[in-house]
Amino acid sequence: MLRVVVMVSGGGTNLQAIIDAVADKTVTNTQIVGVISNNYGVYALERAKNAGIDSAVVSPKDFENRKAFNDALLEKVNSYKPDLIVLAGFLVVIPEKMIDAYENKIINIHPSLIPSFCGTGYYGLKVHEAALERGVKVTGATVHYVDKGTDTGPIIMQKAVYVKEDDTPKTLQQRVMEEAEWKLLPAAINKIANS
Ligand code: GAR
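The following refers to the structure shown. The structure presented is a predicted model; accordingly, all values stated were derived computationally and were not measured. (Residues numbered from 1 in each chain as written. Predicted model: local features only at pLDDT ≥ 70, side-chain atom pairs only at ≥ 80, totals over all residues. Heavy atoms only, no water.)

**Here's the deal with the overall build of the protein chain**
Step number 1: The helix and strand inventory of the protein chain stands at 6 helices and 7 strands.
Step number 2: Oriented by its inertia axes, the alpha-carbon framework of the protein chain measures out at about 45 × 40 × 30 Å.
Step number 3: Approximately 9800 Å² of the protein chain is accessible, and the part contributed by carbon and sulfur atoms is 50%.
Step number 4: A distance of 2 Å separates the average location of the 21 positive side-chain charges in the protein chain from that of its 22 negative side-chain charges. (Helix = DSSP H or I, 4+ residues; strand = E, 2+ residues; numbered from the N terminus. Areas by Shrake-Rupley, 256 points an atom, 1.4 Å probe, with all protein chains shown as cover. Lys, Arg positive; Asp, Glu negative; His and termini not counted. Charge placed at Lys NZ, Arg CZ, Asp CG, Glu CD.)

If you want it as structure tokens, here you go:
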């Protein structure tokens, strides 16, 4: 059984997709052992609770400095003894110490076809705003391993999504989630769990 920790910052629709895929056995050999959020009160925590999954908040606001936060975050991750850490809309830069401790064991979902529209400053709706501004006709999502750069680690899976003439950043974001992200992230976990 692959022990998975999912890290979140917001609504947690990708977390929900993983929970559902484990429940309906689209993803096998996998147990979600914990959910960690850097924000209090986000809906992702409700999703964990509803699924009976242990959750925790490690917020930078509760620590004197970044180092103390980073240490607490790593300690919380370690407490779950995970085989895989999944960043599902986790909008915090992962501490180097954690990347060293979990080399090739951290994966991230990004809402574009990397290497387009990725790196520092590209997250959430901003990715889709930039893609529409540039006039791209095809976008999508990418699951990749996390290394010390921002969105630079080896790509595991990608899925393309066509842009429509009348798309707004919001409609595009929703379609990229539905058509790509919610399928891709469970598929990548299943691949790792069964390889
Ligand atoms: C997702 O679209 C994910 O791809 C994005 O944040 C959203 C989280 O949604 N992540 C990034 O932009 C990372 N650079 P969710 O909380 O509903 O899963």
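There's plenty left to go through after this.
**Here we look at the site of the ligand**
Step number 1: The ligand sits among 13 residues. The nearest are Gly12, Thr13, Asn14, Gly124 and Glu181.
Step number 2: Contact between the ligand and Thr13: an oxygen atom at 2.6 Å from a side-chain N or O atom of the residue.
Step number 3: Taking Asn14, its main chain carries an N or O atom lying 2.9 Å from an oxygen atom of the ligand.
Step number 4: For the ligand, the accessible surface in isolation is 450 Å², of which the surrounding protein chains cover 90%.
Step number 5: Of all the secondary-structure elements, those providing two or more residues to the shell around the ligand are helix H1 (13–23), strand E5 (106–110) and helix H6 (169–193). (Near = heavy atom within 4 Å. Polar contact = N/O pair within 3.5 Å; in protein donor to acceptor, adjacent residues only side chain to side chain.)

**Description of the pattern of salt bridges**
Step number 1: Tallied over the entire structure, the rule returns 5 salt bridges.
Step number 2: Two residues, Asp71 and Lys67, come together in a salt bridge whose shortest N-O distance is 2.7 Å. In this pair, Asp71 and Lys67 both sit in helix H3 (residues 66–79), 4 residues apart, roughly one turn of the helix.
Step number 3: The residue Asp167 makes a salt bridge to Arg175 at a minimum N-O spacing of 2.8 Å. (Salt bridge = Lys/Arg side-chain N within 4 Å of Asp/Glu carboxyl O.)

**Some thoughts on the nonpolar core**
Step number 1: Membership of the largest hydrophobic core comes to 35 residues, with the highest contact counts inside it found for Val6, Val86, Ile107, Leu185 and Ile189.
Step number 2: By residue number, the principal contributor to this core is H6, which donates 9 residues.
Step number 3: In this structure, Val6 is in contact with Leu15, Ile18, Ile32, Gly34, Val35, Ile36, Val86 and Ala88, ignoring residues within four places of it in sequence.
Step number 4: The next biggest cluster of nonpolar side chains, apart from the first, holds 21 residues, and it includes Val33, Leu74, Ile85 and Val92. (Core = buried A, V, L, I, M, F, W, Y, C linked by side-chain atoms within 4.5 Å. Buried < 20%, exposed > 50% of the residue type's maximum accessible area, 1.4 Å probe, protein only. Contact = heavy atoms within 4.5 Å.)

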